[in-house]
Amino acid sequence: MPQFAEIALPVPMRQNFTYKIPASLGQPLVAGMRVKVPFGRQQLIGLVVATSEHCTLAPTQLKSISAVLDNAPLLPEPLYKLTLWAARYYLCSQGQMLTQALPVALRKGASAAPESIQYYQLTDKGAAATLDSLKRAPAQQKVLRQLQHGELSTEEAQALELSKTALKALIAKEWIELKQRPLQADCRWRQHLTLAEQPLKLNKQQAVAVAALTAQQGFTCTLLEGVTGSGKTEVYLALLESVLQQGKQALILVPEIGLTPQTINRFKHRFNVTIAVIHSGLTDKQRLDAWRLARSGEAAIIIGTRSALFTPMAWPGVIILDEEHDASFKQQEGVGYHARDLAVMRGHLENIPVLLGSATPSLESLHNALSGRYAHLQLGERAGGALKVRQGIIDIRNLPLRAGVSQPLLNEMRLHLQAGNQVLLFLNRRGFAPALLCHECGYLHECDRCDAFFTVHQSLGEIRCHHCGNQYPIPLQCHHCGSTLLQGQGVGTEQLQAMLSEVFPDYPIVRIDRDTTSRKGSLEQQLAAIHRGEYKILVGTQMLAKGHHFPDVTLVGLLDVDGALFSADFRAPERFGQLYTQVAGRAGRASKPGTVLLQTHQSDNPLLQDLLHRGYGEFARSQLIERQQALLPPVWHMMLVRAEAHQAADADGFLAAFAALLPQDDTFEVIGPLPAPLDRKAGKFRRQLLVQSAGRRRLQQVFEQILPQVESLPSAKRCRWSLDRDPQDLL
Ligand code: ADP
Ligand code: ZN
Ligand code: ZN
C-alpha cells in the first residue's frame, strides 16, 4: 500500500506537495481523484497526481490527507494527461493548470456524479397547437417553434435566449411541461440519430472536403481554409453527422463573440440532440450541469468558448475550432494557454481528428498546413453564389475630414443610403475622443496611474482610462494651465455617430461597441434590429467584424487603417489583414454586391496593395516569408517575461538578473529588459524581456532549467512577474 501521495494544489508555487495517506481512508487512492488537505491554516482541495511507498522528506514533516472526494478519477485519462502536458508547456504548476480545467463547483468540492437533466417538452395540447394561434405573443411563439423540433434542456432554453415569462405562461396553459430524468449512459442519440432537417446539397469543393474529413481515422489535424460564406459551417455539419452516426460526441470551440443563439440553433436544427453550451457567463451550477451532460454522454454536441476545451467527453469523436485565428482563444490573464494549441494536443492524446476552420487562418496554422504537418483543405467560392466585393482606397492626404470621415466617403454613403441599403463604418476606438487636449497650452490629459491618455466619453460626461478603469467628470479647466479651452483630440465611435446624425438626419444610426453592448442581451437586440432594417447606418468597433453577416450592407468603410497598419506589434499586419477580410466578407449578398472603401494616408503601402490585389491567402503567405526572414513566430518560438513594480528599478533589476541566466547564441536571442508598450499601468511600472529560440524544445529546456534559480532571486520578491509562452499581445 502506498503511504504517500503527491497532490497538485491551486497555489501559485510551481510545484506539487507531498502528504501522508492515512490508513483510515478505507479506499485506494488513484491519480486524478480529488482530496482535501491542510495547507497552512486552510483546507484546500487538490488532485492526486501520484502515490508512492517512499518519500525523501521526513514523515514527521508531512501532514495527512483529510478526506477523499471521489471514488474514481475526475477526468478521463487523455484529458488528465493534457493538463499535465499543458502545465509543463506553460511552465506553471499542475495545480494551476487543473484550476483552469475544472469547473469552479468541482474545485469547491461539489459531487461529480451524474445527476438529472431538466427539460421542456410539448404536452399533447401543445403539440396540437398551431404557431398562428400565438401570433400576438411572439415570445411564446418562439418557444413553441423551438419545441416543435424536440425537447430542450433548461440550459439550452437559456442559451437560445427563450423568454422565461413565455415559458411560464405556456406551462400555465399546459401547452408545455418541465420534466426531469436521470442522465443516461446509453444515450438515445447514440442508438438512433435522426436529422431534423435535410442537409443542403454540397457543392463540389465542400463534398471533397467532407469526403477527406470523414475518411480520417484517429488523430489528424486539418486546416479548412475557406473564404467567408464558402460554407464551412455546412462542412462542419456534414462531418458531425458522420461522427454522431458512429455514436461519438463532438466538441466545437468558437470565439467569445461567436457563441450566439444563431450558432447554437444551426446545430440544434440539424440534429435535434442535447447540446451542452459552455461559456464564461454561466453560474457555477450551470457550468457543472453542462460539464456533467458532456461527461455522461447525454450531450452529443458541446459548444463553447476557450475554456470549454477542457470538457470531458464519454465518447470523444472530433474537435472543431471555428474562426481558429481569433485572438480570444488565447487566455490573457493567469495561465496564458492557447485553446487552439491545446485542442491539437488533446486530439493527439484522445486519438481523434481536429479541424481548424477560418477564412483568414492564423500564420501559425497556415505554417503548419503549408509545411505538411496539418492536412490542408480549401474552399475558394462563396457557397450562396455571392459576388466578390468591390474594393477601393480613398487617399486622405490633404483632404478635410469630418469626425474622421472624408467627403468622398460621405458621398458614397449617400448613394448607398438613397438606394435603400445599409452602410457600415468601422472605427476601432470607442468613446467620443481618444484624448482631451488644452487648446491654450497643448496639454493632453493623462491618466494619473497609467502612461496613457484619458478617453473622452461625452454622453457620460466623463473622461475614462481604458487601461485601468480610472474615471473622472470631464474637467472644466485644464489641469496644467487652468484654461477652459478644452477639446477632444482624435475621433471615437461616439463622435462619429454624432457627426453622422447631423449629416444624415433621415437615416437611423446604431453604434455597436463595448459601451453600448455591456448589458447582457443588448448586442443580440441591436443585431436583430439591424437585420430587420431598423437602422441604416452601422457604426462599430471590431465587435462588428466578427461572425455577423449583414446581407443588406452594401458599403463598408474602414476609417483608421493607418493606426491598424502601424503598430509596434509584429502581428499588426496579420491582424489587419484578418479584420479587413472579415469585414469585407460580411457585406452584401448575391443580388447586392458589396463595396469596401479604406481611408488611408498610405495609399501606396505595399502591404495594403498586396492585401487588396491578391487577397488574404497570398498576403498571409508573403507575411509568413517575412516572419521567416525576421526570425519571428511561428518560425521561431517566443516567450515573454513580464515584470511590474512600483519602482521601475525593481522590475528592471529582476529582469536583468533573469536575462543573465539565459543563454545567448545563434539560435537563442534575448531582448531587454525593455519598457512595455504601455509603460505604466494602474500605478505600476511594466518591463519585459523577450526571449526567442529557433527550437521549441530548447526554449522549454532552458526555462525548466533556470526557473528554480529565478524563483530564488532576491529581486523576484520585489516585483510581480509572469511568463507568457507564445504571446499574442506584447502589451
Ligand atoms: P462560412 O461558415 O464559410 O462563412 P456558411 O456555412 O455560413 O459559410 O455558409 C454561407 C451561406 O451559404 C449560408 O447561408 C449557407 O446556408 C449557404 N450555403 C452553404 N453551403 C451551401 C450549399 N452547398 N448550397 C447552398 N447554400 C449553401
Ligand atoms: Zn492648458
Ligand atoms: Zn489608467
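Residues numbered from 1 in each chain as written. Chains lettered and ligands numbered in written order. Predicted model: local features only at pLDDT ≥ 70, side-chain atom pairs only at ≥ 80, totals over all residues. Heavy atoms only, no water.

**Student:** It is not clear to me how the coordination of the zinc ion (ligand 3) should be interpreted in this structure. Could you clarify?
**Tutor:** Reference values for angles at a metal are 109.5 degrees in the four-donor tetrahedral case and 90 or 180 degrees in the six-donor octahedral case. Surrounding the zinc ion (ligand 3) are the protein donor atoms Cys 447 (SG), Cys 450 (SG), Cys 465 (SG) and Cys 468 (SG), at 2.3 to 2.4 Å. Classification of the site at the zinc ion (ligand 3) rests on its 4 donor atoms, whose angles at the metal span 106 to 112°, yielding the label tetrahedral. One chain supplies every donor for the zinc ion (ligand 3), spaced along it as C-x2-C-x14-C-x2-C. (Donors = N, O, S within 2.8 Å, 3.2 Å for Na, K, Ca; no water. Tetrahedral: all angles 85-135°; square planar, octahedral: opposite > 155°, others 65-115°.)

**Student:** Mind showing me how you'd approach the coordination of the zinc ion (ligand 2) here?
**Tutor:** The zinc ion (ligand 2) binds to the protein through Cys 438 (SG), Cys 441 (SG), Cys 478 (SG) and Cys 481 (SG); the donor distances cover 2.3 to 2.4 Å. Classification of the site at the zinc ion (ligand 2) as tetrahedral follows from its 4 donor atoms and the range of 108 to 112° in their angles at the metal. If you list the donors of the zinc ion (ligand 2) from N- to C-terminus, the spacing comes out as C-x2-C-x36-C-x2-C.

**Student:** For this particular structure, what's the right way to read the pattern of salt bridges?
**Tutor:** Working definition: two side chains of opposite charge can pair if their charged atoms are close together. Tallying each qualifying case throughout the model produces 35 salt bridges. Arg 397 is paired through a salt bridge with Asp 395; the nearest N and O atoms lie 2.6 Å apart. Taking relative accessible area as the criterion, Asp 395 reaches 27% and is therefore assigned partly exposed. Of the charged contacts in the structure, one is a salt bridge between Arg 614 and Asp 610, with a shortest N-O distance of 2.7 Å. Of this pair, Arg 614 and Asp 610 are both found in helix α20 (residues 606-629), 4 residues apart, which corresponds to roughly one turn of the helix. We classify Asp 610 as buried; its relative accessible area is 16%. Through salt bridges with shared partners, a single ionic network connects Glu 197, Glu 234, Arg 266 and Arg 270. (Salt bridge = Lys/Arg side-chain N within 4 Å of Asp/Glu carboxyl O. Buried < 20%, exposed > 50% of the residue type's maximum accessible area, 1.4 Å probe, protein only. Helix = DSSP H or I, 4+ residues; strand = E, 2+ residues; numbered from the N terminus.)

**Student:** Whenever I open this one, the packing of helix α21 (residues 648-661) against helix α22 (residues 696-711) confuses me. Can you help?
**Tutor:** Relative orientation and spacing of two packed helices are given, respectively, by the angle between their axes and the distance between those axes. It is at 10 Å that the axes of α21 and α22 come closest, and there the two elements cross at 140°. By the angle between their directions, the pair α21 and α22 is classed as oblique. Seen from above, α21 lies across α22 with right-handed handedness. Taking contact as the criterion, the partners of Phe 654, Phe 658 and Leu 661 in α21 are, on α22, Phe 703, Ile 706, Gln 709 and Val 710. In the contact of α21 with α22, the residues fall into 6 nonpolar, 1 polar and no charged. (Axes fitted to C-alpha atoms, helices over the stretch in contact; angles between N-to-C directions. Parallel < 35°, antiparallel > 145°, perpendicular 65-115°, else oblique. Left-handed = near helix turned anticlockwise from the far one by under 90°. Contact = heavy atoms within 4.5 Å. Nonpolar A, V, L, I, M, F, W, Y, C, P; charged D, E, K, R; others polar.)

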